Amino acid sequence: GLSVAPAHGSLVGIYNGEEFVFEESGWYVVNLLKLLWHYGLNPLRMYMWVEDVLDKFMRIYRYQTHDYAFSSNERLLHALGGNDFTRMLNQTIDEAMQKAGFSHKFINEVVCPAMRVNYGQGVNINGFVGAVSLAGVESGLWSVKGGNKLVCTGLIYASKADVIPGTVLSIEPKIRPRATGDPVKLYQVTYNTASGPTADTYDIVVIAAPLSRKMANITFKNFDPPVPEFPNPYHQTVTTLVHGRLNAFFFGYRDPSAFHLGAIFTTENPKLFVNSLGVVSPVEDAGGEGKPPSRSAVWKVFSKEALTKEQLSLLFSSYDSVKAKSWLAYPRYSPPEKCPPVILHDKIYYLNGIERAASAMEMSAIAAKNAALLAYHRWYGNSDRIDQEDLHEKLKTEL
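Scope of this entry: the structure provided in the associated data block. Just so you know, these numbers come straight off a predicted model, no measurement behind them.

Charged atoms that come close allow side chains of opposite charge to pair. This model, assessed by the stated rule, comprises 10 salt bridges. A salt bridge links E268 to R116; its shortest N-O distance comes to 3.2 Å. Linking E268 in the loop between β9 (263-266) and β10 (276-279) with R116 in helix α6 (residues 104-119), this pair joins segments that are 152 residues apart in sequence. One continuous salt-bridge network, built from bridges that share partners, spans D52, K56, D84 and R87.

Attention shifts here to the sheet that holds strand β1 (residues 12-15). Taking strand neighbours across the sheet as the criterion, the seven strands line up as β2-β1-β9-β10-β11-β8-β12 in an open arrangement whose pairing is mixed. The open sheet has two edge strands, β2 (20-23) and β12 (316-331), and neither has a second partner. Each adjacent strand pair in this sheet contributes to an overall mean axis angle of 20°, direction not counted. Sheet analysis places strand β8 (residues 234-246) next to strand β11 (residues 297-303), joined by seven bridges and oriented antiparallel. Paired with V242 across the strands is W299, a residue of β11. Each of β1, β2, β8, β9, β10, β11 and β12 is contacted by α6, which is oriented at about 110° to β9, the strand it contacts most.

This part is about the side chain of Q91. Residue placement: Q91 occurs in the loop between α4 (73-89) and α5 (93-99). In this structure Q91 touches A96, I125, N126, G127 and P335, once residues within four positions along its chain are discounted.

This brings us to the nonpolar core. Core analysis: the biggest nonpolar cluster contains 63 residues, and W49, M97, V111, F128 and L134 have the highest contact counts within it. Sorting elements by how many residues they give to this core places α6 first, with eight residues. Judged by nonpolar contacts, the second largest core, of 21 residues, contains V242, I264, W299 and F316.

Here three bridges tie β1 to β2, and the two strands are oriented antiparallel to one another. Across the sheet, the residue bridging to G13 is E23, located in β2. The hairpin formed by β1 and β2 contains four residues between the paired strands, and G17 there has a positive phi angle of roughly 100°.

For the rest of this paragraph, the subject is the environment of K145. Inspection of the secondary structure assignment puts K145 in the loop between α7 (127-135) and α8 (149-159). When the C-alpha atoms of K145 and T201 are compared, they prove to be 38 Å apart, with 56 residues separating the residues in sequence. Among residues more than four places away in sequence, those in contact with K145 are S3, V4, A5, L150, V283 and E284.

This part is about the packing of aromatic side chains. Under the criterion given, the structure shown has 22 aromatic pairs. Ring geometry for F57 against F128: centres 6.0 Å apart, planes inclined by 55°, an arrangement best described as tilted. Taken together, the residues F57 in helix α2 (residues 42-57) and F128 in helix α7 connect sequence positions 71 residues apart. Residue class for F57 comes out buried when judged on its relative accessible area of 7%. Classification of F128 as buried rests on a relative accessible area of 1%. Note on Y376 and Y380: the rings are 4.8 Å apart at their centroids and 50° apart in plane angle, and the pair reads as tilted. Taken together, the residues span about one helical turn, with Y376 and Y380 both in helix α10 (residues 361-380) at a distance of four residues. Aromatic ring contacts, followed pair by pair, group Y15, F20, F250, F251, Y253, F259 and F273 into a single cluster. A cation over an aromatic ring shows up here: R45 above the ring of F102, its NZ or CZ 4.5 Å from the ring centre. Against the face of Y68 rests R385, its NZ or CZ located 4.6 Å from the ring centre.

A word on the side chain of N42. Structurally, N42 can be placed in helix α2. Not counting chain neighbours up to four residues away, the residues in contact with N42 comprise G101, F102, S103 and F106.

This brings us to empty space enclosed by the protein. Counted by the stated rule, this structure contains two cavities of 30 Å³ or more. Size it by volume and the largest cavity reaches roughly 70 Å³. Together, P210, L211, F230, N232, Y234, P340, Y350, N352, G353 and R356 line the largest cavity. Across the lining of the largest cavity, the residue classes break down as six nonpolar, three polar and one charged.

Rules of the game
Residues numbered from 1 in each chain as written. Predicted model: local features only at pLDDT ≥ 70, side-chain atom pairs only at ≥ 80, totals over all residues. Heavy atoms only, no water. Salt bridge = Lys/Arg side-chain N within 4 Å of Asp/Glu carboxyl O. Helix = DSSP H or I, 4+ residues; strand = E, 2+ residues; numbered from the N terminus. Pairing = 2+ DSSP bridges. Axes fitted to C-alpha atoms, helices over the stretch in contact; angles between N-to-C directions. Contact = heavy atoms within 4.5 Å. Core = buried A, V, L, I, M, F, W, Y, C linked by side-chain atoms within 4.5 Å. Buried < 20%, exposed > 50% of the residue type's maximum accessible area, 1.4 Å probe, protein only. Phe/Tyr/Trp six-rings, centres within 6.5 Å; stacked < 30°, edge-to-face > 60°. Lys NZ or Arg CZ within 6 Å of the ring centre and 35° of its normal. 1 Å grid on protein atoms, 1.4 Å probe; cavity = no way out; pocket = protein on both sides within 12 Å on 5 of 7 lines; lining within 4 Å. Points joined across faces, edges and corners; volume = space filled by probe spheres on them. Nonpolar A, V, L, I, M, F, W, Y, C, P; charged D, E, K, R; others polar.

Following this line, the structure appears as structure tokens:
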């Protein structure tokens, strides 16, 4: 199995472009008093609000344990949280939290920085992904020793899947005769490998990559009706890893030795050219994480655009190594959200539509399990296991 990496939390500061509006202390009681002074009971109420969303969301594991599946992402979410979850897709996290009575100051200085570090966007993202983002800044999260990528390789190994390295070019429906002479519908998948284009036919196809011209650029040939295109743009995030010494003066510190923060989140400010900065450790050993960055450290910087040399010189007093990677990390959220269908064609299933609700590793795993159950039940005609309402109450009575 996989091992949990040892984790040590860093002290966090929230920077508004001119000063730190909040700085975490190493003392729990001091942090509690600071939060009460700045934000009253908003932090406690936020914890309870997020927990309520998560409690309802966790029902999916029980439903899937009992082999229930859903034919659309909206139906899946409605089965978990009813109209509340549907409503969260159609309003911003700002609107949802204001309606719940949270203060503007708290939303701007605590909620917005969490959105910026997790999704590179502000409080105009939908309420559901906003709740997922807030869950991501609470304590109790963990990572895999050796890197979270081991989850993917481990799943491939456990499934005994036959992995074909290649890029899918097109999918086309075909009708082939069975040995009995009856026609059977199949899908011809054409893909590019090191040895050139190759094609294979399959009964069922599951697409687990975002359907976008800039990403999984798959052509659907000769479908009637045609498979629609989904104009769901993805948001660019630039990750820059810098080995160097942070310039504490840039963040308003006159004495660099007094700087002990290991993570800096930011509020919405057009002058700011970064979303967040944080000290990272090797995946084999997280022991250094959380220690005050008194000397050179590896900092992970999130930004919307590639950092210039001038910007790097402002952020760091000295550095000797820079690695930057631009990627389309998650959808560009703009409620009201409409998720792409799970069923693209008779036996073609699409996982990544769930990202329109919220993009996360866990969401992808849930979408995959749902698609597997849905494909199985539709193949064998088990309609009593698809799109069932009131499952929460129904499963209570089964115990």
